[in-house]
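# Reading the structure
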Amino acid sequence: MSSRSTGCRLPRLWLLGLLPLATLAAAAGPPGLSELYADALRDNPGYRARAAEARGVRAALSAAEGRLRPQLALTAASEQVDERIEGTFYGVVEVDNRDRFDAHRFGATLSQALFRPELGIEADQARLRAEQAALSLREAEDALLTGLTAAYFATLAAADDRLLTQAELAAVARQREQIEGRYAAGLATEADLQGARAREALVEAEGLRTRAQLNTRLAALRLVVGRPVTRLRRLGAALPLRAPDPPRLEAWVARARSQNPAVQLRRLGLRLSDQERDKASQRRLPRLDLVGRGLLLDSGGGLSGERRETEGRIGLQLQLPLYTGGQLEAGIEAAEAGREAAAALLAEAEADAERDAQVAFLDLEVGRARLPALQVAVEAARAAESAVRGGFEAGTRTSAEVLEAVETRFAAERDLAGARYRLLLDTLALKRAAGELLVADLRALEGLLAEEAVLP
C-alpha cells in the first residue's frame, strides 16, 4: 500500500502550509506552480464538487452508524373531541352520552436493534464508501496537479513557439531585404525574390496561428486554476536527466497494480459488492428489536369523565419474512451479478494502471535519451545556418538554402523546447500511475522554473 492514507484526510490545500497563501499573495514576481495549485484546490469547480461529494459520503457514514444506536422519539397530540356514545358500552346497557372535551397525549418510544445483521453490514459499507470518497478525492487531486502542470507547460510551450516564430520571421525578413537589395543590383533572380517573399508570408501566417494558440492555452490554464493567469515563470536552461527510482519497469508496474488510486477504488468496490451479497442473504433472517413506549393521556371529559392516564410498556418485537413476492431471491441474484461486474472492473483497472505505468516509464526513458540528441541537433542547426549564411555572402550558397537552414534551425529549437516539457510531464505521469504523486513533486518542478516568461 502507498504511504498515503486511503481514509479521511486533510485536502492538499493544507499540505501547502509550507508556502502560506498570504506570503504568496504578497510575493513579487509571477505565481509559482504551488500557488496556482492552491488556487485550483480552492476555486476549481470540478474539484470543489468532488470535495463536496466526499463530505456527503462521510455524513452518510454517521447516519449508517446511527441506525445501530438506540432510537428515541417523542410524540405529542392535542385535539378537541366531540364524542357521542349510544347503546351498550363495556357491559353498560342503554348508554346515551354526548360530550365535547379536550384531550392531550404525550408519549415517547425507545427502540434498540438487537438482531439486524443488515444494519451492521450497511455500516461497514458506509465505511468503505467513505474510504472510496477519500480515494476519489485523492484521484481528483492527482488529476488537478497533473492537469495544472500540463496546462502551465502547454502555455509556456505556446509562448516559446510564439517567440521562436517571431525570431524566425525577423530572420526571414532580413533575408528578404538582402534579396531585394541584390535583386535591385541585378545580383539575384526573380525566383530568389519571390521565394523569400513566399517564405516570409508563410511565417507571418504561422505567427497568427501561434498567437491564437497562446490565447487558447491561457484560457485552458484559467479554467484549471479558476482565475486568469497572465504571468508565468519560464523553465530554466538546466534540466536534470534523472533516471526513475527504482530504475526497473517491473517495480513500477507492481506499484501501479497495487497503489494506483483507480485500482484501489475498484478493490473497495469489490469488497462492497461482497457485502451487498451478504446483506441480500441476511434479509432472510428474523429481526429482533427491543421496544419501549411511554404514554400520558390528559382527557377533559367523555363517558369515563375527566382523567389522567399513564402507561408504560417494554418488550421484544420479532419479524420473520415468510413471503416477499420473490424480492429476496431477486436481491441475491442482483448482488451476485454486481459482484461479478466489480471483479471485472478491478481486472480492467489493474490492466489500465499497468499500461499507464509502462507507457510513462518507456516515454520517460526515451525522453531522457532523446533530449541530449535534440540539444546537439539545435547546436548543429545553428552552426549550419551560420555556415550557409557565410556561403551566401561569399556567393557559393543560394537564398533558398539560407531559408531552408533557417527553417531547419527553428524546427530544431521547437523540438527541443517541447521535449523538455514532455520529459517533466512523463515524470509526473509515471508517479501518478504508481500512486506516488505528491505535492513535493510539484515543488521539485517549481524549483526548475527561473525567470519570468514573456507572453507576446
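Every value quoted in this text rests on a predicted model; they were computed, and no experiment measured them.

Our next topic: the overall build of the chain. Secondary structure assignment for the chain yields 11 helices and six strands. Taking 2.2 N^0.38 as the reference for a compact globule, 456 residues should give roughly 23 Å; the C-alpha atoms of the chain span a radius of gyration of 37 Å, well beyond that estimate. A total of 456 residues make up the chain; the buried ones form 37% of that total. Here the contacts in the chain between residues at least 6 apart in sequence split such that 83% fall between residues at least 24 apart. In the structure as shown, the chain presents an accessible area of about 24400 Å², 55% of it carried by carbon and sulfur atoms. Counting 62 positive and 65 negative side-chain charges, the chain places the centres of these two groups 3 Å from one another.

So, on to the side chain of Arg-138. For Arg-138, the position within the fold is in helix α5 (residues 117-184). In this structure, Arg-138 is buried with no salt-bridge partner, the nearest side chain bearing the opposite charge being Asp-142 at 4.1 Å.

This part is about the nonpolar core. Residues Tyr-37, Tyr-152, Phe-153, Leu-156 and Leu-221 are the most contacted members of the largest nonpolar core, which totals 50 residues. Take this core: its biggest share by element is 10 residues, from α5. The contact partners of Tyr-152, leaving out residues within four places of it in the chain, are Pro-31, Leu-33, Leu-36, Leu-221, Leu-232, Arg-233 and Leu-449. Counting 15 residues, the second largest nonpolar core, distinct from the first, contains Ala-188, Leu-193, Val-402 and Ala-405.

Next up on the list: a nonpolar patch on the surface. Taken together, the side chains of Leu-114, Phe-115, Leu-285, Leu-290, Ile-314 and Leu-316 make up a nonpolar region of the molecular surface, amounting to roughly 570 Å² of accessible area. Within the element layout of this structure, Leu-290 appears in strand β4 (residues 287-299). The exposure class of Leu-290 is partly exposed, given its relative accessible area of 32%.

What follows concerns unusual backbone geometry. At the junction of Asp-245 and Pro-246, the peptide bond is cis and its omega measures out at 5° in the coordinates. Its place among the elements puts Pro-246 in the loop between β3 (232-235) and α7 (249-259).

Position of Trp-252 among the secondary structure elements: in helix α7. A relative accessible area of 2% means that Trp-252 is categorised as buried. Separated by 181 residues in sequence, Trp-252 and Ala-433 have C-alpha atoms that sit 8.4 Å apart. Every residue in contact with Trp-252, bar those within four places of it in the chain, is listed here: Pro-244, Asp-245, Pro-246, Ala-357, Phe-361, Leu-430, Lys-431, Ala-434 and Glu-436.

Here we come to the environment of Arg-234. Tracing the backbone through its elements, the reader meets Arg-234 in strand β3. On the basis of relative accessibility, which here comes to 16%, the residue Arg-234 falls in the buried class. For the pair Arg-234 and Ala-49, spaced 185 residues apart in the sequence, the C-alpha separation amounts to 32 Å. Of note is the side chain of Arg-234, whose polar atom sits 2.6 Å from the side chain of Asp-160.

Glancing now at the confidence of the model for the chain. Here the chain shows a mean pLDDT of 88. Residues at 70 or above account for 93%. The secondary structure element of the chain with the lowest average pLDDT is helix α2 (residues 21-26), at 40, and the one with the highest is α7, at 95. Long-range and interchain partners of residues 1-11, a stretch whose pLDDT sits below 50, account for 26 contacts in this model, where long-range means more than four residues apart. pLDDT under 50 marks residues 13-27. Its contacts with residues more than four places away, or in other chains, come to 19 contacts.

Right, let's talk about the side chain of Glu-413 for a bit. Considering the arrangement of structural elements, one finds Glu-413 in helix α10 (residues 399-433). In contact with Glu-413, not counting residues within four places along its chain, are Leu-164, Val-378 and Arg-382.

This brings us to helix α9 (residues 327-394). With 68 residues, α9 extends 94 Å between its outermost C-alpha atoms, agreeing within 8% with the 100 Å of an ideal straight helix rising 1.5 Å per residue. Among the residues trailing α9, Gly-395 stands out with phi positive, at a value near 90°.

With that settled, the discussion passes to helix α3 (residues 33-43). Within α3, nine of the 11 residues are buried, which leaves the element mostly enclosed by the surrounding structure. Among the residues of α3, those classed as buried are Leu-33, Ser-34, Glu-35, Leu-36, Tyr-37, Ala-38, Asp-39, Ala-40 and Leu-41.

Before going further, it helps to examine the packing of aromatic side chains. If you walk through the whole model with that rule in mind, you get two aromatic pairs. Consider the rings of Tyr-152 and Phe-153, whose centres lie 6.3 Å apart with planes at 70°: the pair is edge-to-face. By the burial criterion, Tyr-152 is buried, and Phe-153 matches it. Here the aromatic residues Tyr-152, Phe-153 and Tyr-421 are joined through ring pairs into a cluster of three or more. The lysine or arginine in question, Arg-182, covers the ring of Phe-392, its NZ or CZ lying 4.2 Å from the ring centre.

So, how was this worked out
- Residues numbered from 1 in each chain as written.
- Predicted model: local features only at pLDDT ≥ 70, side-chain atom pairs only at ≥ 80, totals over all residues.
- Heavy atoms only, no water.
- Helix = DSSP H or I, 4+ residues; strand = E, 2+ residues; numbered from the N terminus.
- Rg over C-alpha atoms; globule rule 2.2 N^0.38 Å.
- Buried < 20%, exposed > 50% of the residue type's maximum accessible area, 1.4 Å probe, protein only.
- Contact = heavy atoms within 4.5 Å.
- Areas by Shrake-Rupley, 256 points an atom, 1.4 Å probe, with all protein chains shown as cover.
- Lys, Arg positive; Asp, Glu negative; His and termini not counted.
- Charge placed at Lys NZ, Arg CZ, Asp CG, Glu CD.
- Salt bridge = Lys/Arg side-chain N within 4 Å of Asp/Glu carboxyl O.
- Core = buried A, V, L, I, M, F, W, Y, C linked by side-chain atoms within 4.5 Å.
- Patch = residues over 30% accessible without salt bridge, like charges linked within 9 Å, V, L, I, M, F, W, Y side chains within 5 Å.
- Polar contact = N/O pair within 3.5 Å; in protein donor to acceptor, adjacent residues only side chain to side chain.
- pLDDT = per-residue confidence, 0-100.
- Expected span 1.5 Å × (residues − 1).
- Phe/Tyr/Trp six-rings, centres within 6.5 Å; stacked < 30°, edge-to-face > 60°.
- Lys NZ or Arg CZ within 6 Å of the ring centre and 35° of its normal.

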